[in-house]
Every structure is written in C-alpha cells, then in structure tokens.
Amino acid sequence: DAKTTQPPSMDCAEGRAANLPCNHSTISGNEYVYWYRQIHSQGPQYIIHGLKNNETNEMASLIITEDRKSSTLILPHATLRDTAVYYCIVRAPAGSNSGYALNFGKGTSLLVTP
Amino acid sequence: DAGVIQSPRHEVTEMGQEVTLRCKPISGHNSLFWYRQTMMRGLELLIYFNNNVPIDDSGMPEDRFSAKMPNASFSTLKIQPSEPRDSAVYFCASTVFGAKAFFGQGTRLTVV
C-alpha cells in the first residue's frame with residue numbers, strides 16, 4: 001500500500017471548517033483513500049472514503065486532487081467533539097493480492113478549541 | 001447491532017501468565033483484524049482473517065502471540081507467556097469484504 005504523510009497536529013476554532021491535508025504521492029490507480037478518526041480511548045471510527053471523485057456524507061467531505069496525489073478531509077463546522085486523531089489511509093481494493101487491511105500511520109491530532 | 005464486542009475491557013496480569021483476548025465480530029462480516037496500539041508505535045496491524053482463514057500474520061511480534069478464528073462469530077488473541085512490553089490496547093475490527101471496518105472498544109492490557 002502507498003504511504004501517506006499528514007501534519008502531526010492542527011488546531012481549529014469551534015464552528016469553523018477544519019481542513020486536514022494528506023499527501024499520498026505514490027498511490028496506485030486502483031487504491032482508495034480512507035479517513036478514520038480516533039477519539040481518546042475509543043476504537044477508530046470510519047469517516048469517509050473515495051477513489052477519484054469528491055465525496056460527501058453526514059460527517060465530512062473528501063476532496064481528492066485530480067492527480068490523486070493528495071486529498072483533504074473537511075469537517076464543515078467543527079465541534080469540540082471532533083477533537084481526535086485523524087488518519088488518512090491508502091488501501092488496496094477488495095480482492096487484491098496485497099490484501100485490504102488498514103495500515104495506520106501517525107495521523108493528525110486535531111484540537112478544536114472553544 | 002451491538003457492534004464489535006471485545007472482552008475483557010481491562011486485563012491486568014503478571015509477567016509469565018497466559019492472556020487471552022476475545023472478539024465477537026459483527027454478524028455477517030467476513031473479515032476480522034487484530035491491532036495493537038501503544039504510544040510509541042501507534043496502531044499496528046497484528047493479523048487478519050478472511051472467512052475465518054488467517055491471511056497475513058506478519059505483524060505478529062513473536063511466537064508468544066497466536067490468534068485463532070474457529071468460526072465466523074469468534075476470535076481470540078493469545079499471549080503466552082506475557083511480558084511487560086506487551087502492555088497496550090488491543091483492538092479488534094471487522095468488515096464485510098472490502099468495505100469500511102468497524103472497531104471494538106479495545107482491551108487495555110497491563111502486564112506487571
């Protein structure tokens with residue numbers, strides 16, 4: 001699986017949009033970009049994933065650049081409960097020989113402040 | 001659905017003792033993953049199963065660690081003998097083949 005690079009930490013004011021970047025310059029054409037987060041002492045939680053198109057769900061939006069070498073997770077209106085470590089993961093598709101296990105890096109620690 | 005269920009939530013044991021961690025995946029899921037998390041090393045994938053068959057155990061640190069999945073609704077991770085450096089939070093996750101993974105609440109293991 002391709003590796004990802006994320007800033008170690010970010011701050012965001014409550015109510016503002018949080019934009020979390022991720023670089024994955026060695027991503028393969030069939031690999032997906034996944035985002036998970038981990039709130040303190042809990043198991044990781046799925047947020048969103050995409051292949052090449054931008055995606056949006058009730059939690060966040062995912063913007064993937066046209067060359068697919070980077071992406072941005074957007075939390076449109078951050079709340080204090082969004083304080084967590086956010087992981088960007090590149091994952092092989094189901095059925096690939098390399099498997100599709102999630103390999104977590106160090107992630108970005110997002111602190112949402114009042 | 002109750003989600004992925006792990007037991008126990010907390011375990012304190014003495015060095016040299018056998019420890020067994022348990023996981024019940026979400027019904028209908030056919031892939032199961034075991035992770036270990038420490039401050040120093042972050043989240044590490046230990047092993048994963050597809051349809052109860054171990055696919056990749058390259059993350060298992062040494063022979064003291066073993067994992068089994070006797071059926072689709074149960075998996076165990078065993079450490080024998082345990083050592084203080086095994087102290088960590090152990091997570092189990094399950095997924096339908098290729099879809100998003102759901103994680104349990106973890107087992108916090110302390111070996112003294």
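Because the structure is a prediction, the values reported are computed rather than measured.

Novice: Any details on the packing of aromatic side chains? Residues and values, ideally.
Specialist: For the structure shown, the criterion picks out eleven aromatic pairs over all chains. On the basis of an interplanar angle of 80° and a centroid distance of 5.9 Å, the ring pair of A:Phe104 and B:Phe103 is categorised as edge-to-face. In this pair, A:Phe104 sits in the loop between strand S8 (84-91) and strand S9 (108-113) while B:Phe103 sits in strand S10 (residues 102-103), so the two residues belong to two different chains. Here the aromatic cluster, defined as three or more aromatic residues joined through ring pairs, consists of A:Tyr34, A:Tyr36, A:Tyr46, A:Tyr87, A:Phe104, B:Phe33, B:Tyr35, B:Tyr48 and B:Phe103. In this structure, A:Arg91 is placed above the aromatic ring of A:Tyr34, and the distance from its NZ or CZ to the ring centre is 4.8 Å.

Novice: Give a description of the interface of chain A and chain B that names residues and reports values.
Specialist: Accessible area lost on assembly of the parts is the figure often given for the size of an interface. Of the residues lining the interface, 20 residues belong to chain A; the matching set on chain B comes to 20 residues. Our enumeration of links across chain A and chain B arrives at zero salt bridges. At the boundary of chain A and chain B, one finds three residue pairs in polar contact (both at pLDDT 80 or more). Looking at the side of chain A that touches chain B, the elements that each hand over two or more residues are strand S3 (32-38) and S8 of chain A. By residue number, the principal contributor to the side of chain A that touches chain B is S3(A), which donates three residues. Looking at side-chain class alone, the side of chain A that touches chain B contains ten nonpolar, eight polar and two charged residues.

Novice: Residues and numbers for the pattern of salt bridges, please.
Specialist: All names here are of chain B. Applying the stated rule across the entire model yields nine salt bridges over all chains. Among the ionic pairs, Glu18 bridges to Lys78, the shortest N-O distance being 3.9 Å. Placement of Glu18 in the loop between strand S2 (10-13) and strand S3 (19-24) and of Lys78 in strand S8 (residues 74-79) is noted, with a sequence separation of 60 residues between them. The partner of Arg85 in a salt bridge is Glu62, and the shortest N-O contact between them spans 3.2 Å. One end of the pair, Arg85, is in the loop between S8 and strand S9 (88-95); the other, Glu62, is in the loop between strand S6 (53-56) and strand S7 (65-71), with 23 residues separating them in the sequence. A single network of salt bridges, built from pairs that share partners, joins Glu62, Arg64, Glu83, Arg85 and Asp86.

Thresholds, definitions, all that
Residues numbered from 1 in each chain as written. Chains lettered and ligands numbered in written order. Predicted model: local features only at pLDDT ≥ 70, side-chain atom pairs only at ≥ 80, totals over all residues. Heavy atoms only, no water. Phe/Tyr/Trp six-rings, centres within 6.5 Å; stacked < 30°, edge-to-face > 60°. Helix = DSSP H or I, 4+ residues; strand = E, 2+ residues; numbered from the N terminus. Lys NZ or Arg CZ within 6 Å of the ring centre and 35° of its normal. Contact = heavy atoms within 4.5 Å. Salt bridge = Lys/Arg side-chain N within 4 Å of Asp/Glu carboxyl O. Polar contact = N/O pair within 3.5 Å; in protein donor to acceptor, adjacent residues only side chain to side chain. Nonpolar A, V, L, I, M, F, W, Y, C, P; charged D, E, K, R; others polar.

Geometry only, nothing functional implied.
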